[in-house]
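Coordinate analysis (summary)
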Amino acid sequence: KDVYDINVNTDKSISVKEELTYRFEGSFSWAEMWIPTQVNGLGNAYETPITDFKIGSLDGSTVTLSTSEQQAEMFYAKWFYSAADEDKTFMITYNVENAVRKYPEIAELYWQVIGPKWQIPHNDVAVSVKLPQAAAKDELLVYGHGPLNGNSTITDTLTALFTANSVAAGQFMEIRFVFPSSFVTGAIDWQRTKEEIKQ
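Fair warning: this is a prediction, and the values are worked out from it, not measured in the lab.

A count of helical and extended segments in the protein gives one helix and 16 strands. Its C-alpha atoms give the protein a radius of gyration of 17 Å, near enough to 16 Å, the size a compact globule of 199 residues would have. Seen along its three principal axes, the alpha-carbon backbone of the protein occupies a region of about 50 × 30 × 30 Å. Within the protein, buried positions represent 43% of all 199 residues.

Here's what the structure looks like:
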């Protein structure tokens, strides 16, 4: 089971908390992950740097982060732990700068929650995204991209939920959340309308 809680911040960044549960059969001591940091959304590419990356375990056992660095269009992390024939949940937190695009009337979070570099499948994925303030439901749009078993829902005036029963190894899962431009500060990134995103 993989649970992602994402908070949209007013400065166009997002704060991410991941709880990734691994089922270990045998003895294991390290893991790694890649987070895509270049977004190619509807013909426009932009960088989304990762900051404040931290990792621990739900059971309090020792987890040592050995590498966390930007590599080309990906952020790479590697950590060490001890596990044998058990389930272990890792708790990961980080910020993504420049994650939200601001247009004249709307803003958009377009984010690849699970990138294509994973060599193991994900099951029971739930991604909750919370806005910095409430909006009328007709001001919001949500779309999910990737697994055909996925679902995207506006749960209330602050929150969207994206779920998937499974994401295969090598498959990605992307989310798109559109909300009023006034929710974030800073300059307009480019021109785009709600209707263009719908199309």
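The strand order β6-β9-β2-β1-β12-β15-β14 describes an open sheet built from seven strands, whose pairing is mixed. Since the sheet does not close on itself, it has two edges, and those belong to β6 (50–57) and β14 (150–154), each with one partner. When the angles between neighbouring strand axes are averaged without regard to direction, this sheet yields 10 degrees. By the bridge criterion, seven bridges tie strand β1 (residues 2–8) to strand β2 (residues 14–23) in an arrangement that is antiparallel. When the bridges of β2 are listed, Y4 appears paired with E18.

Read across the open sheet, the four strands follow the order β10-β11-β16-β13; overall the sheet is antiparallel. Looking at which strands have only one partner, the edges of the open sheet turn out to be β10 (100–102) and β13 (141–145). Geometrically, the sheet is characterised by an average inter-axis angle of 15 degrees between neighbouring strands, direction not taken into account. The sheet contact formed by β10 and strand β11 (residues 106–114) spans three bridges and is antiparallel. Bridge pairing in β11 places R101 opposite E108.

Ranked by size, the top nonpolar core spans 49 residues in total, and within it I14, F53, W79, L109, W111, V127 and F179 carry the most contacts. Core analysis: the next-biggest nonpolar cluster, separate from the first, contains nine residues, V39, V178, W190 and I197 among them.

Another point: the side chain of R101. Along the chain, the position of R101 falls in strand β10. Within the local environment of R101, its side chain forms a polar contact with the side chain of N98, the two groups lying 2.4 Å apart. Those residues in contact with R101 that lie beyond four places of it in its chain are Y46, I106, A107, E108, D189 and W190.

To continue, consider the pattern of salt bridges. Once their charged atoms are close, side chains differing in charge can pair, the charge on each being opposite to the other. Counted under the stated rule, the structure contains eight salt bridges. The salt bridge partner of K88 is D59, with a shortest N-O separation of 3.1 Å. You can see K88 sitting in strand β9 (residues 87–96) and its partner D59 sitting in the loop between β6 and β7 (64–71), a full 29 residues away along the chain. A relative accessible area of 3% means that K88 is categorised as buried. The salt bridge partner of E195 is K198, with a shortest N-O separation of 3.6 Å. Taken together, the residues E195 and K198, both in helix α1 (residues 194–198) and three residues apart, mark about one turn of the helix. Overall, the relative accessible area of 45% leaves E195 in the partly exposed class. A relative accessible area of 42% means that K198 is categorised as partly exposed. A network of salt bridges, in which partner residues are shared, links K12, R101 and D189.

Moving on: the packing of aromatic side chains. In the structure shown here, the tally under the stated rule is 13 aromatic pairs. On the numbers, 5.2 Å between centres and 85 degrees between planes, the contact of Y22 with F90 is edge-to-face. One end of the pair, Y22, is in strand β2; the other, F90, is in strand β9, with 68 residues separating them in the sequence. Overall, F90 belongs to the buried group, its relative accessible area being 0%. Here the aromatic rings of W79 and F90 are separated by 5.6 Å at their centres, their planes lie at 65 degrees, and the arrangement is edge-to-face.

Conventions and cut-offs
Residues numbered from 1 in each chain as written. Predicted model: local features only at pLDDT ≥ 70, side-chain atom pairs only at ≥ 80, totals over all residues. Heavy atoms only, no water. Helix = DSSP H or I, 4+ residues; strand = E, 2+ residues; numbered from the N terminus. Rg over C-alpha atoms; globule rule 2.2 N^0.38 Å. Buried < 20%, exposed > 50% of the residue type's maximum accessible area, 1.4 Å probe, protein only. Pairing = 2+ DSSP bridges. Axes fitted to C-alpha atoms, helices over the stretch in contact; angles between N-to-C directions. Core = buried A, V, L, I, M, F, W, Y, C linked by side-chain atoms within 4.5 Å. Polar contact = N/O pair within 3.5 Å; in protein donor to acceptor, adjacent residues only side chain to side chain. Contact = heavy atoms within 4.5 Å. Salt bridge = Lys/Arg side-chain N within 4 Å of Asp/Glu carboxyl O. Phe/Tyr/Trp six-rings, centres within 6.5 Å; stacked < 30°, edge-to-face > 60°.

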